[in-house]
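# Overview (structure and organization)
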Amino acid sequence: MKKIKKRGAVYGVIALLLCTAVYLNWSYVGAPDDLLAAEQAGVGNQAATTPSSGAVQDNYFAASRLTREQARDEAVSTLKEISESQSADQTAKDEAAAQISVLAENSVAEANMESMIRAKGYEDAVVMIGEGSVNVVVAPPEGGLGAADVTVLKDIVMGETGMTAGQIRVTEAA
């Protein structure tokens, strides 16, 4: 009985973290109208071929966040199926629950870093945490992204993730 209560508490915490991550992502992405505008503008093709402009960059960042969250939601869905499966062994269920927790933590960390980057005066950024690395795509300040900017961005990521500077890649959005 005690084990069932403990498992329920773990699932409750995971669900709470996941809901928090979804809420934070939703609040940073903006209203659905922004997302629809990004899709209608053909962001995937424009971002790759159009020179720098504010509208394309805004659409790029919104579309990148949306794509990131869709991929993460799909992964969480698959992991939930494993964790709730009757045929999966307990080890697989525990591993799936742990991966869901990591995905939720990464989502919150990405949102925190994006918020801190904007607080430092950068127009916008998208942060993607991978296994052993972090990619940061940032809207360049006037005059372009300099070494001091890269240092500031890496400091933010290192403080949030504990990764080293060598594990962080900073890219200027075109």
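What you are looking at is a predicted structure, and each value in this text was computed from that prediction instead of being measured.

Pairing is mixed in the open sheet, where 3 strands are placed in the order 1-2-3. Each edge of the open sheet carries a strand with a single partner, namely strand 1 (125-130) and strand 3 (168-172). Along the sheet, successive strands turn relative to each other by an average axial angle of 15°, direction set aside. In this sheet, strand 3 lies alongside strand 2 (residues 133-138) in parallel orientation, the contact comprising 5 bridges. Note on strand 3: the bridge partner recorded for valine 136 is valine 170. Packing of helix 5 (residues 90-119) onto the sheet brings it into contact with strand 1 and strand 2, and relative to strand 1 it is tilted by some 150°.

So, about the layout of surface pockets. Any space left empty among the atoms is revealed by the rolling of a water-sized probe across them. The space that makes up the largest pocket amounts to roughly 170 Å³. What lines the largest pocket is Arg72, Leu79, Gln99, Val102, Leu103, Asn106, Ile129, Gly130 and Glu131. Breaking the lining of the largest pocket down by element, the ones donating at least two residues are helix 4 (54-84), helix 5 and strand 1. The leading source of residues in the lining of the largest pocket is helix 5, at 4 residues.

A separate point is the packing of helix 5 against helix 6 (residues 147-161). Two elements in contact, helix 5 and helix 6, have axes whose closest approach is 10 Å; the angle formed by their N-to-C orientations is 150°. When the axes of helix 5 and helix 6 are compared, the pair comes out roughly antiparallel. By crossing handedness, the relation of helix 5 to helix 6 is classed as right-handed. Taking contact as the criterion, the partners of Ala109, Asn112, Met113, Met116 and Ile117 in helix 5 are, on helix 6, Leu153, Ile156, Val157, Glu160 and Thr161.

Right, let's get into the side chain of serine 83. Inspection of the secondary structure puts serine 83 in helix 4. Among the polar contacts listed, one links the side chain of serine 83 to the backbone oxygen of lysine 80, at a separation of 3.0 Å.

Let us look at helix 5. The first and last C-alpha atoms of helix 5 sit 43 Å apart over 30 residues, in line with the 44 Å expected at 1.5 Å per residue. Immediately beyond the C-terminal end of helix 5, within one or two residues, lies glycine 121, with a positive phi of roughly 105°.

Here the focus is the nonpolar core. Counting residues in each nonpolar core, the largest one holds 16 residues, and the members touching the most others are Met113, Ile117, Val134, Val136 and Val138. Looking at this core, the elements that each hand over two or more residues are helix 5, strand 1, strand 2, helix 6 and strand 3. Contact partners of valine 134, with chain neighbours within four places excluded, come to Val127, Met128, Ile129, Val157, Thr161, Met163, Gln167, Ile168 and Arg169.

Parameters at a glance
- Residues numbered from 1 in each chain as written.
- Predicted model: local features only at pLDDT ≥ 70, side-chain atom pairs only at ≥ 80, totals over all residues.
- Heavy atoms only, no water.
- Pairing = 2+ DSSP bridges.
- Helix = DSSP H or I, 4+ residues; strand = E, 2+ residues; numbered from the N terminus.
- Axes fitted to C-alpha atoms, helices over the stretch in contact; angles between N-to-C directions.
- Contact = heavy atoms within 4.5 Å.
- 1 Å grid on protein atoms, 1.4 Å probe; cavity = no way out; pocket = protein on both sides within 12 Å on 5 of 7 lines; lining within 4 Å.
- Points joined across faces, edges and corners; volume = space filled by probe spheres on them.
- Parallel < 35°, antiparallel > 145°, perpendicular 65-115°, else oblique.
- Left-handed = near helix turned anticlockwise from the far one by under 90°.
- Polar contact = N/O pair within 3.5 Å; in protein donor to acceptor, adjacent residues only side chain to side chain.
- Expected span 1.5 Å × (residues − 1).
- Core = buried A, V, L, I, M, F, W, Y, C linked by side-chain atoms within 4.5 Å.
- Buried < 20%, exposed > 50% of the residue type's maximum accessible area, 1.4 Å probe, protein only.

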